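The lines below spell out each chain.
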Amino acid sequence: MTVPRGPDLSSDAWTGSGAASTPRVAHRGAWAAWGLAVSAYFVAVFHRTSLGVASLEAERRFHTGPSVLATFVAAQLAVYAGLQIPTGAMADRFGPRRMLSAALVFLAAGEALFGWGTSVATALAGRALVGVGDGLTFLNVLRLVQNWFPASRYGLLTALTSLVGGLGQLVSTEPLRLSLSHLGWVITFGGSAVVTGAVALGIALFVRDRPDTSARLPWRERPSMRLAVRHAMATPGTWQAMWAHFALTGPFVVFTALWGYPFLVRAEHYSGQGASFVLGLVVVSAVLSAPVVGMLIVRVPRARSGVVKVSALVLLGAWALVLSWGGGRAPLAVVLFLAIATGACGSTSVIAFDLAREANPPERGGAATGVVNIGGFACAVFADLAIGWVLTGFGHGGRDALGYRPAMAVVPVMIALGLVQFWRLGRHPAAHGAAAGG
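This structure is a prediction, so every number in the text was calculated from the model and none was measured.

Calculation rules
- Each chain has its residues counted from 1, running along the sequence as written.
- Where totals are concerned, whole chains, interfaces and linings use all residues; where local detail is concerned, this predicted model gives features only for residues with pLDDT of at least 70, and gives and counts side-chain atom pairs only at 80 or more.
- The side-chain numbers reported here are obtained from all heavy atoms of the structure, hydrogens and water having been left aside.
- Runs of H or I in DSSP of at least four residues are treated as helices and runs of E of at least two as strands, each being numbered from the N terminus.
- Each residue gets one of three labels from its accessible area relative to the maximum for its type: buried under 20%, exposed over 50%, partly exposed in between, using a 1.4 Å probe on protein chains only.
- Every residue pair with non-hydrogen atoms within 4.5 Å of one another is taken to be in contact.
- Computed with the Shrake-Rupley method and a 1.4 Å probe, the accessible areas treat only the protein chains shown as cover for residues.
- Just to be clear on terms, a salt bridge is a Lys or Arg side-chain nitrogen sitting within 4 Å of an Asp or Glu carboxyl oxygen.
- Summary of the metric used: pLDDT quantifies the predictor's per-residue confidence within the range 0 to 100.
- Given a helix with a known number of residues, its expected span is that number minus one, times 1.5 Å.
- Two axes are fitted around each residue, one to the seven residues ending there and one to the seven starting there, and the angle between them is reported as the bend at that residue.
- With axes taken as lines fitted to C-alpha atoms, and helix axes fitted only over the stretch in contact, angles between N-to-C directions fall between 0 and 180 degrees.
- These descriptions rest on fixed angle ranges, namely under 35 degrees for roughly parallel, over 145 for roughly antiparallel, 65 to 115 for roughly perpendicular, and the rest for oblique.
- Crossing chirality is assigned from the near helix's rotation relative to the far helix, an anticlockwise turn below a right angle marking it left-handed and a clockwise turn marking it right-handed.
- Each residue receives one of three labels: charged for Asp, Glu, Lys and Arg, nonpolar for Ala, Val, Leu, Ile, Met, Phe, Trp, Tyr, Cys and Pro, and polar for the others, Gly being one of them.
- Polar contacts, as used here, are pairs of N or O atoms within 3.5 Å; protein pairs need one atom able to donate a hydrogen and one able to accept it. Residues neighboring in sequence count only if both atoms are side-chain atoms.
- By convention a nonpolar core is built from buried Ala, Val, Leu, Ile, Met, Phe, Trp, Tyr and Cys residues, the set being connected through side-chain atoms within 4.5 Å.

## Quick look at the overall build of the protein
Next up, step 1: A tally of regular secondary structure across the protein gives 18 helices and 0 strands.
Next up, step 2: Of all 438 residues assigned to the protein, the portion counted as buried reaches 59%.
Next up, step 3: Put simply, 84% of the contacts in the protein that link residues at least 6 apart link residues at least 24 apart.
Next up, step 4: Accessible area of the protein: about 16,200 Å², with a carbon and sulfur share of 69%.

Dropping the structure here:
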């Protein structure tokens, strides 16, 4: 039994030939539905990465050091990662409109608590709520894409969704730093909570789960969440895709969500504005490369595995080059190379979702996507905590350059682990194509 999909957008009806006016309206409806839904992802990524340029200010506001600061982000990402499998299954069963509306309510509550709180406990609770809302968002946008668009467009729409998320992350760099400098902590985060609530209302009122022309499965016939998860996790292709996401998304999240800014300021001796610029370049690289990745998935699907391997090797080399540079600060060109590679590889990681889609039938698409999405954020949780522990172990509260290079060496180790596992599972014949069972 397959989940109903939207009309075929690749047919001639979409070109305006003939008298197919209804399909053209449905086509506009599909893009409108995605546009509203993806605004939730824009907001979610902003909240996810808002601690990046605010990390040093957060140290002062909450009177804490790097290990506790790492706990803020680790708790947020751990909640996010833990929600991915149930979220994927719930997306299949309950529909994306309800899930996205709930996600934005959690995001608004978490950001308000984080903005108005002054204690470590309040901040931790706020970041955990942000993790809940963020964890419910991305997979439900992709589930809506599956409902409204044909399978041939899935890879492209996944890349475009990633692009919009990158724009949200771009707002969390220099614009957020300027807002914190001129408006202050409470107004900045309180205002973002209000905007998030407004987006939640818009999605609840105007987004539909699927086209009116597609039949909705009766409740008793919808796929079992438990069985969908079990079969997705029994498919080698799902796990291969998860390790691709681990190797390429994890470093991107580590660099942009917390440790990139203090690493650049304290170890590479950049000003706050300079560090914010480099973080912005990471995001711009991700945004510009996302459409290229989407077209590659559509036009050259056989190249996907090779692109993942080459991207991971380039990213591994960029990190090794910066961290091993003698004489202290690495040259600007080397740091910019790291920024561009980190952003581009973050976009390349969406290939993992297309690999998982290909390895699983549609009725467990959400569950498989959830397993894959755990990869990058599990990597980020482990790396964030490990970096914080290493910095604390070196003393000085992580407030000088000592310890940053050995601490950030956790990142290339994670990339190497993901690459090896991706290559190993790719040799399994069942990793290619849909699983026979289920």
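After that view, the rundown keeps rolling.
## Quick word on the environment of Leu142
Next up, step 1: Mapped onto the secondary structure, Leu142 falls in helix 6 (residues 138–148).
Next up, step 2: With relative accessibility at 0%, the residue Leu142 sits in the buried group.
Next up, step 3: Along the backbone, Leu142 and Thr158 are 16 residues apart, and their C-alpha atoms lie at a distance of 6.7 Å.
Next up, step 4: With residues up to four places along the chain from it excluded, the contact list for Leu142 reads Tyr154, Thr158, Thr161, Phe353 and Thr369.

## Observations concerning the pattern of salt bridges
Next up, step 1: Applying the stated criterion across every chain, the model contains 9 salt bridges.
Next up, step 2: For Arg177, the salt bridge is made with Glu174, and the minimal N-O distance between the two is 2.7 Å. One end of the pair is Arg177 and the other is Glu174, both in helix 8 (residues 174–182) and 3 residues apart, which spans about a single turn.
Next up, step 3: Glu174 sits in the partly exposed class, given a relative accessible area of 21%.

## Some details on the confidence of the model for the protein
Next up, step 1: Across the protein, the average pLDDT comes to 82, with 85% of residues at or above 70.
Next up, step 2: When the elements of the protein are averaged for pLDDT, helix 10 (residues 225–233) gives the smallest value, 74, and helix 13 (residues 304–323) the largest, 94.
Next up, step 3: The low-confidence segment residues 1–26 (pLDDT under 50) makes 46 contacts with residues lying over four places distant or belonging to another chain.
Next up, step 4: The model gives residues 430–438 a pLDDT under 50, and that stretch makes 19 contacts with residues more than four places away or in other chains.

## A few points about the environment of Leu167
Next up, step 1: On the secondary structure map, Leu167 appears in helix 7 (residues 154–171).
Next up, step 2: Its relative accessible area of 34% is what places Leu167 among the partly exposed residues.
Next up, step 3: It is 9.2 Å that separates the C-alpha atoms of Leu167 and Ala286, two residues lying 119 residues apart in sequence.
Next up, step 4: Each residue touching Leu167, except ones within four places of it in the same chain, is listed here: Phe42 and Val287.

## Quick word on helix 11 (residues 236–267)
Next up, step 1: With 32 residues, helix 11 should reach 46 Å at 1.5 Å per residue; the first-to-last C-alpha distance of 41 Å falls well below that figure.
Next up, step 2: Along helix 11, the sharpest kink reaches roughly 75°, centred on Trp259 and followed within four residues by the proline Pro262.
Next up, step 3: The buried fraction of helix 11 amounts to 30 of the 32 residues, a majority that puts the element mostly inside the structure.
Next up, step 4: Looking one or two residues past helix 11, His269 carries a phi angle of roughly 65°, positive in sign.

## Section: the packing of helix 13 against helix 18 (residues 410–426)
Next up, step 1: Closest axis-to-axis distance for the helix 13/helix 18 pair is 9 Å, and the angle between their directions is 160°. In this view, helix 13 runs roughly antiparallel relative to helix 18, as classed from their interaxial angle. Judged by the twist between their axes, the crossing of helix 13 over helix 18 is left-handed. Together, Ser305, Val308, Lys309, Ala312, Leu313, Leu315, Leu316, Trp319 and Leu323 of helix 13 and Val411, Pro412, Ile415, Ala416, Leu419, Phe422 and Trp423 of helix 18 make up the contact between the two elements.
Next up, step 2: A per-class count over the contact of helix 13 with helix 18 returns 14 nonpolar, 1 polar and 1 charged.

## Structural notes on the side chain of Thr49
Next up, step 1: Residue placement: Thr49 occurs in helix 1 (residues 21–49).
Next up, step 2: A relative accessible area of 3% means that Thr49 is categorised as buried.
Next up, step 3: Within the local environment of Thr49, its side chain forms a polar contact with the backbone oxygen of Val45, the two atoms lying 2.8 Å apart.
Next up, step 4: At 2.8 Å, the side chain of Thr49 and the side chain of Ser172 are in polar contact.
Next up, step 5: Filtering out sequence-adjacent residues up to four positions away, Thr49 remains in contact with Gln169, Ser172, Thr256 and Ala257.

## Points about the nonpolar core
Next up, step 1: Formed by 125 residues in total, the largest nonpolar core has its most connected members in Trp259, Phe263, Trp319 and Ile387.
Next up, step 2: If you tally residues by element for this core, the top one is helix 11, at 17 residues.
Next up, step 3: Beyond its immediate chain neighbours, meaning those up to four positions away, Phe263 contacts Phe255, Glu268, Val322, Leu323, Tyr404 and Met408.
Next up, step 4: Core analysis: the next-biggest nonpolar cluster, separate from the first, contains 5 residues, Leu83, Met99, Ala103 and Val132 among them.

## Let's talk about the packing of helix 3 (residues 66–94) against helix 11
Next up, step 1: With their axes 11 Å apart at the nearest point, helix 3 and helix 11 run at an angle of 135° to one another. When the axes of helix 3 and helix 11 are compared, the pair comes out oblique. Considering how the two elements wind past one another, helix 3 and helix 11 form a crossing that is right-handed. Contacts between helix 3 and helix 11 involve Pro66, Leu69, Ala70, Val73 and Leu77 on the former and, on the latter, Val253, Ala257, Leu258 and Trp259.
Next up, step 2: Class assignment for the residues of the contact of helix 3 with helix 11 results in 9 nonpolar, no polar and no charged.

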